[in-house]
Amino acid sequence: MSAGRMLALAAAVTPESTQQAVGCPTLFVLVVLGALVPVVPTGALVSTAAVVAFHQTAWFSLLLVFGVGALAAFLGDVALYWLGQRGVRSRNGSRWLAALRGRAAPDHLDQARRKLNDHGVVVLVLSRLVPAGRIPVMLACLLGEMPLRTFVRGDIPACLAWAGAYGLIGILGGSLFDEPWKGVVAAVALTLLISGAPAGWRRLRRGRHGRVAAAGAGDGGGGAGG
């Protein structure tokens, strides 16, 4: 290769293209992994990638983040559902099905079953947009023996909506600050706040109910003693 061609090739390799070549495969792998095991905050990953893409000059970077995030989430969901189906069909179950049961609270599973019976596949679309809603709905689909083809039909729009929602969070964080790292911090903080809001609300309600019950017991005890 001539020196002129080498210089032209080096000039064509922009920082944006380098970040995409490294970042997109990493985003894909981490989102797939996060769909299978709950140790990777996939929403925060997509939001962070969207912040970085927002500050790049290439407009298609955002579309690339959206497409990679949605595809990875879909493949992870389908893989987890397929593994769960094997456990449902087996007499001894499987560790994947047991893990899904362990990650879904009984009251959330009952609620997911009722909504699935009432609204069908539409619940799948909403399950990815509601924090901590994906696993109970997926487990309800598994225990209801929903065919994989039907699950796929509902999971496609679910993953598209999920990637779009967290991508918008990243765009919002990126638009608030000139420096990408500040936008990343804002996007991650907002993502974690949204994810933790339902659990915080449940703890607050349990605390209120406990105080009311304790107050009622105290009033009852005082009356009996008098």
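Further up the page is the structure itself.
This one's a predicted model, so the numbers in the text were calculated from it and none came from an experiment.

Give a description of the overall build of the chain that names residues and reports values.
Along the chain, the regular secondary structure elements total ten helices and zero strands. Reading the helices (α) and strands (β) of the chain from amino to carboxyl end gives α-α-α-α-α-α-α-α-α-α. Per-residue burial over the chain gives 35% buried out of 226 residues. Accessible surface for the chain amounts to roughly 13000 Å². Of this, 67% is attributable to carbon and sulfur atoms.

Lay out the packing of aromatic side chains in plain terms, naming residues and giving numbers.
In total, this model carries two aromatic pairs according to the counting rule given. Residues Tyr81 and Phe151 carry aromatic rings whose centres are separated by 4.0 Å and whose planes lie at 5 degrees to one another, so their mutual orientation is stacked. Pair noted here: Tyr81 is in helix α4 (residues 60-89) and Phe151 is in helix α9 (residues 148-176), with a separation of 70 residues, a long-range link. Neither residue differs from the other here; Tyr81 and Phe151 are each classed as buried. Judged by centre distance (5.7 Å) and plane angle (55 degrees), the rings of Trp162 and Tyr166 are tilted. A residue pair is termed a helical-turn pair when its members lie 3 or 4 positions apart in one helix, as Trp162 and Tyr166 do in helix α9 at four residues. By the burial criterion, Trp162 is buried, and Tyr166 matches it.

Lay out the pattern of salt bridges with the relevant residues and their values.
Think of it this way: side chains of opposite charge can pair up when their charged atoms draw near. Enumeration over the complete set of coordinates arrives at two salt bridges. In this structure, the salt-bridge partner of Arg128 is Asp77, at a minimum N-O distance of 2.8 Å. Here the residue Arg128 occupies a position in the loop between α7 (122-127) and α8 (134-143), and Asp77 occupies one in helix α4, the gap between them amounting to 51 residues. Both residues of the pair, Arg128 and Asp77, count as buried. The shortest N-O distance in the salt bridge between Asp77 and Arg134 comes to 2.6 Å. Here the residue Asp77 occupies a position in helix α4, and Arg134 occupies one in helix α8, the gap between them amounting to 57 residues. Judged by relative accessible area, Asp77 falls into the buried class, the value being 0%. Assessed through its relative accessible area of 14%, Arg134 is described here as buried. Connected through shared salt-bridge partners, Asp77, Arg128 and Arg134 make up one network.

So what's going on with the environment of Thr26? Which residues, and what values?
Counting through the fold element by element, Thr26 comes out in helix α2 (residues 15-36). Looking at Thr26, the relative accessible area reads 40%, which means it is partly exposed.

How would you explain a nonpolar patch on the surface if you had to name every residue and give the values?
A contiguous nonpolar patch, built from Val122, Leu126, Leu129 and Val130 and spanning about 350 Å² of accessible area, is present on the exposed surface. The topology assignment puts Leu129 in the loop between α7 and α8. Assessed through its relative accessible area of 40%, Leu129 is described here as partly exposed.

Explain α8 to me, and be specific about the residues and the numbers.
In terms of burial, α8 is a largely internal element, nine of the ten residues being buried. Of all the positions in α8, only Arg134, Ile135, Pro136, Val137, Met138, Leu139, Ala140, Cys141 and Leu142 are classed as buried. The positive-phi residue at the C-terminal boundary of α8 is Glu145, with phi of around 60 degrees.

Quick notes on the rules
- Residues numbered from 1 in each chain as written.
- Predicted model: local features only at pLDDT ≥ 70, side-chain atom pairs only at ≥ 80, totals over all residues.
- Heavy atoms only, no water.
- Helix = DSSP H or I, 4+ residues; strand = E, 2+ residues; numbered from the N terminus.
- Buried < 20%, exposed > 50% of the residue type's maximum accessible area, 1.4 Å probe, protein only.
- Areas by Shrake-Rupley, 256 points an atom, 1.4 Å probe, with all protein chains shown as cover.
- Phe/Tyr/Trp six-rings, centres within 6.5 Å; stacked < 30°, edge-to-face > 60°.
- Salt bridge = Lys/Arg side-chain N within 4 Å of Asp/Glu carboxyl O.
- Patch = residues over 30% accessible without salt bridge, like charges linked within 9 Å, V, L, I, M, F, W, Y side chains within 5 Å.

It is worth stressing that arrangement in space is one thing and function is another; only the former is reported here.
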